Amino acid sequence: MPGSNCAAADKVKPAASPAADKPAEIAGNISYHAQYSPHFSPLAFGPEEAFYATAESVRDHLIERWNDTYVHFHKTDPKQTYYLSMEYLQGRALTNAVGNLGITGAYAEAVKKFGYELEALVGQEKDAALGNGGLGRLASCFLDSMATLNLPAWGYGLRYRYGLFKQRITKEGQEEIAEDWLDKFSPWEIPRHDVVFPVRFFGHVEILPDGSRKWVGGEVLKALAYDVPIPGYKTKNAISLRLWEAKATAEDFNLFQFNDGQYESSAQLHARAEQICAVLYPGDATEEGKLLRLKQQFFLCSASLQDMIARFKERKADRVSGKWSEFPSKVAVQLNDTHPTLAIPELMRLLMDEEGLGWDEAWDITYRTVSYTNHTVLPEALEKWSQIVMRKLLPRHMEIIEEIDKRFREMVISKHKEMEGKIDSMKVLDGSNPQKPVVRMANLCVVSSHTVNGVAELHSNILKQELFADYVSIWPNKFQNKTNGITPRRWLKFCNPELSEIITKWIKTDQWTSDLDLLTGLRKFADDEKLHAEWAAAKLACKKRLAKHVLDATGVTIDPTSLFDIQIKRIHEYKRQLLNILGAVYRYKKLKEMSAEEKQKVTPRTVMIGGKAFATYTNAKRIVKLVNDVGAVVNNDPEVNKYLKV
């Protein structure tokens, strides 16, 4: 088959070797997966087929560590962190996996036996469409760090079928099309058909003869777990990212209606189940969109908490006391922003309605279990949900939220009389607009969590001094900071090997990859011309590689010796891409005014702006169009384009 490298593949004898670390054995394991874990026609072994077989070979290593880690946690029964996030911006997994496992070189040699370069196979992998921006990248960096530090941790998210969207740039600007990362399959995820939980929506609350309450009726979907292994760096630890998929059952399919020709109505619940995990952040300009977003958030929270409780009970059987009061000493729930806020009333509901605990005990457990990470101080970005929508979708949870709010207000009046005048801004339920009463999710998080943190020192200080200042008066020790770092493995060692090798050579250790303080060892060489030359050469090599990618992706030729001025993040008015592109327009106009001699003194600059504007965010999409329109003018102007590219 043309271009399929079948001949090379045929020379490598298939042999299952899950723990292989030598190139020849690895190649045999890759060949084994190509033949015995087939996803393609038997004669095909092009780059795509080679990628999937290679990824499945790497997954063998991960599963071995994964199972050992799971057994270890089960035996030692440590306190475990459960991280709830609507987003995980994972990035491609192959490079990161072989890098963290310390087998990059061996795999590079192994795939050469099939006629491939490892980097070419890496290019075949599609990004998991589970995240969007900084919040999702923080979540993924934390998972990597926790695995590397051998911490007992577990991530929970949703398995989005189409992600946010795939961006296409046309003359009209940004066009959104569905992300296709699951059009074939993900080689990293493993469905757990034995891990399934019911998640209810709508219905009503019944008061039982003993005075307890029960949420019944409505519609019930199933949450099915898919696990993705997250390997630590130079450790045997491999933790899990557990993603939930929404399913309806065979019983929910109306065979009579289908045979009667009522095809759509026969599978309504199946269609509604598919909607929940179809898209990350569905548009919420309509009431239906708002309802779907709230469904997504609750689906994540309910499935994850039921799973945590099941795991707690599973291990509780081996403990002497096994009391519910031990729950906070074994389970820590971290809410990544306000999206998983419904974990608070859902944990209360599960403890009271399903486990039979009283309010005081359930509240004590919930309060000591939950922590909240705030990501923004912008008032418009702090979630507020309609009380009417909440009561309709989650009637029992609305009762619980009302009780939390009532008790909080009573506590302030009785114990902090001086704060009584601040209650209106601090309370959870805001009815200042009687037509649109809302639940303030950030307030609910602060009131119900034992710890609240920002993601940078400056941010955390603003939370304490401004946004949550009134709460600080009541709980001065509740607020702290956790600076949002990045993993130096993925973002330096693996993606910039030239620079990494120079750092290791000069400070005489590669331990900086898990201890960045060691980079201070470079200070004593700050004036060394030899280091400067090596550093500049590594930088130029990377810039040439990026210039080639820009040419392949956009058709624009850029000068790798020019100054690269890059801003890549979500397109948003407050992130100031507009200011950036107006700066480029200013430079362009100044260049047009210059003489040929004056231009010779200018440092050539390549301005690169990357990111997605949310599909319904009109002004952000106008910025995308403006950037591309400016680029079209600047890049096609022969008087200027040697000195400026956009």
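Above this text is the structure in question.
Because the structure is a prediction, the values reported are computed rather than measured.

1. Re the overall build of the protein chain
- Check the secondary structure of the protein chain and you find 26 helices and 19 strands.
- Relative to the globule expectation of 26 Å for 646 residues, the C-alpha radius of gyration of the protein chain, 27 Å, shows essentially globular dimensions.
- By its C-alpha atoms, the protein chain is 85 × 65 × 65 Å across when sized along the principal axes.
- Pairs at least 24 residues apart make up 72% of the contacts formed inside the protein chain by residues separated by at least 6 positions.
- Summed over all atoms, the accessible surface of the protein chain reaches about 31,000 Å², with 54% contributed by carbon and sulfur.

2. Describing the packing of helix 22 (residues 497-507) against helix 23 (residues 529-554)
- Where helix 22 meets helix 23, the closest approach of the two axes is 8 Å, and the angle between their N-to-C directions is 165°. Here helix 22 lies roughly antiparallel to helix 23, going by the angle between them. Note on packing geometry: the crossing formed by helix 22 with helix 23 is left-handed. Two secondary-structure elements touch here, helix 22 through Pro497, Glu498, Leu499, Ile502, Ile503, Lys505 and Trp506 and helix 23 through Lys530, Leu531, Glu534, Trp535, Ala538, Ala541, Cys542 and Arg545.
- Class assignment of the residues belonging to the contact of helix 22 with helix 23 gives a composition of ten nonpolar, no polar and five charged.

3. Describing the pattern of salt bridges
- Scanning all chains against the criterion turns up 45 salt bridges.
- We note a salt bridge from Lys126 to Asp180, for which the minimum N-O separation is 3.0 Å. Separated by 54 residues along the polypeptide, Lys126 in the loop between helix 6 (118-122) and helix 7 (134-148) and Asp180 in the loop between strand 4 (173-177) and strand 5 (190-201) bring together distant segments of the chain.
- Lys126 gets classed as partly exposed once you look at its relative accessible area, which sits at 40%.
- A network of salt bridges, in which partner residues are shared, links Asp360, Glu403, Lys406, Arg407 and Glu410.

4. Side note on helix 2 (residues 23-36)
- Between the first and last C-alpha of helix 2 there are 20 Å, a value that for 14 residues agrees with the 20 Å anticipated at 1.5 Å per step.
- Taken residue by residue, helix 2 has Ile26, Ala27, Gly28, Asn29, Ile30, Ser31 and His33 as its buried positions.

5. Some thoughts on the nonpolar core
- Grouped together as the largest cluster of nonpolar side chains are 141 residues, with contacts concentrated most on Trp244, Phe299 and Met390.
- Broken down by element, this core gets its largest block of residues, twelve residues, from helix 11 (residues 287-316).
- Contacts of Met390, omitting those with residues within four sequence positions, involve Leu294, Leu342, Trp385, Pro395, Met398, Ile401, Val439 and Met441.
- Counting 17 residues, the second largest nonpolar core, distinct from the first, contains Ile581, Val607, Ala613 and Val630.

6. Things to note about the side chain of His416
- Within the secondary structure, His416 sits in the loop between helix 16 (395-415) and helix 17 (423-426).
- The exposure class assigned to His416 is buried, which follows from its relative accessible area of 17%.
- Aside from chain neighbours lying at most four places away, what touches His416 is Met411 and Ile474.

7. Remarks on helix 19 (residues 457-467)
- Among the residues of helix 19, those classed as buried are His459, Ser460 and Leu463. One side of helix 19 holds all its buried residues, which, seen down the axis, span an arc of 100°. For helix 19, exposure combined with an orientation more than 90 degrees from the buried face picks out Glu457, Leu458, Gln465 and Glu466.
- Buried residues along helix 19 sit in contact with strand 15 (451-454), helix 20 (469-474) and strand 16 (479-481).

8. Description of the environment of Ile462
- Along the polypeptide, Ile462 turns up in helix 19.
- Judged by its relative accessible area of 26%, Ile462 falls in the partly exposed class.
- Separated by 86 residues in sequence, Ile462 and Thr376 have C-alpha atoms that sit 10.0 Å apart.
- When residues no more than four places from it in sequence are discounted, the contact partners of Ile462 are Val377 and Leu467.

9. Concerning unusual backbone geometry
- Of note, the phi angle at Asn150 is positive, near 60°, even though the residue is not glycine.
- Tracing the chain through its elements places Asn150 in the loop between helix 7 and strand 2 (153-158).
- Here Asn150 falls in the partly exposed class, since its relative accessible area comes to 44%.
- The phi angle at Arg576 is positive, at roughly 70°, despite the residue not being glycine.
- For Arg576, a relative accessible area of 58% corresponds to the exposed category.

10. Details of the sheet that holds strand 18 (residues 605-610)
- The strand order across the open sheet built from three strands is 17-18-19, with neighbouring strands paired in parallel fashion. Edge positions in the sheet fall to strand 17 (563-568) and strand 19 (644-645), since each of these pairs with one other strand and no more.
- Note: strand 17 against strand 18, six bridges, orientation parallel. Residue Ile568 lies in a different strand from strand 18, and its bridge partner there is Gly610.
- Strands strand 17 and strand 18 of the sheet are contacted by helix 23, whose axis makes an angle of about 60° with strand 17.
- Against the sheet, helix 24 (residues 577-593) makes contact with strand 17, strand 18 and strand 19, and its axis sits at roughly 155° relative to strand 18, the strand it touches most.

11. A closer look at the environment of Pro497
- With respect to the helices and strands, the residue Pro497 is situated in helix 22.
- Taking the relative accessible area as the measure of exposure, Pro497 reaches 32% and is therefore partly exposed.
- The sequence separation of Pro497 and Ala538 amounts to 41 residues, and the corresponding C-alpha distance is 8.9 Å.
- Setting aside residues up to four positions removed in sequence, Pro497 forms contacts with Leu492 and Arg545.

12. Digging into the sheet that holds strand 12 (residues 384-386)
- The strand order 12-14-13 describes an open sheet built from three strands, whose pairing is antiparallel. Edge strands, defined here as strands with exactly one partner in the open sheet, are strand 12 and strand 13 (429-430).
- In this structure, strand 12 lies alongside strand 14 (residues 438-440), joined through three bridges in antiparallel fashion. If you follow Ser386 over to strand 14, its bridge partner there is Val438.
- Lying over the sheet, helix 18 (residues 441-448) contacts strand 12 and strand 14, oriented at roughly 45° with respect to strand 14.

13. So, a nonpolar patch on the surface
- Where nonpolar side chains cluster on the molecular surface, the patch consists of Phe253, Leu255, Phe258 and Tyr263 and spans about 390 Å² of accessible area.
- Mapped onto the elements, Tyr263 comes out in helix 9 (residues 263-266).

14. Looking at the side chain of Arg490
- By the element assignment, Arg490 lies in helix 21 (residues 488-494).
- Of note is the side chain of Arg490, whose polar atom sits 3.0 Å from the backbone oxygen of Gln90.
- At a separation of 3.0 Å, a polar atom in the side chain of Arg490 contacts the main-chain carbonyl oxygen of Arg92.
- Ignoring any residue separated from it by four or fewer positions in sequence, one finds Arg490 in contact with Gln90, Gly91, Arg92, Asn96, Arg137 and Cys495.

Here is what the cut-offs are and how they apply
Residues numbered from 1 in each chain as written. Predicted model: local features only at pLDDT ≥ 70, side-chain atom pairs only at ≥ 80, totals over all residues. Heavy atoms only, no water. Helix = DSSP H or I, 4+ residues; strand = E, 2+ residues; numbered from the N terminus. Rg over C-alpha atoms; globule rule 2.2 N^0.38 Å. Contact = heavy atoms within 4.5 Å. Areas by Shrake-Rupley, 256 points an atom, 1.4 Å probe, with all protein chains shown as cover. Axes fitted to C-alpha atoms, helices over the stretch in contact; angles between N-to-C directions. Parallel < 35°, antiparallel > 145°, perpendicular 65-115°, else oblique. Left-handed = near helix turned anticlockwise from the far one by under 90°. Nonpolar A, V, L, I, M, F, W, Y, C, P; charged D, E, K, R; others polar. Salt bridge = Lys/Arg side-chain N within 4 Å of Asp/Glu carboxyl O. Buried < 20%, exposed > 50% of the residue type's maximum accessible area, 1.4 Å probe, protein only. Expected span 1.5 Å × (residues − 1). Core = buried A, V, L, I, M, F, W, Y, C linked by side-chain atoms within 4.5 Å. Arc of directions from axis to C-beta. Pairing = 2+ DSSP bridges. Patch = residues over 30% accessible without salt bridge, like charges linked within 9 Å, V, L, I, M, F, W, Y side chains within 5 Å. Polar contact = N/O pair within 3.5 Å; in protein donor to acceptor, adjacent residues only side chain to side chain.

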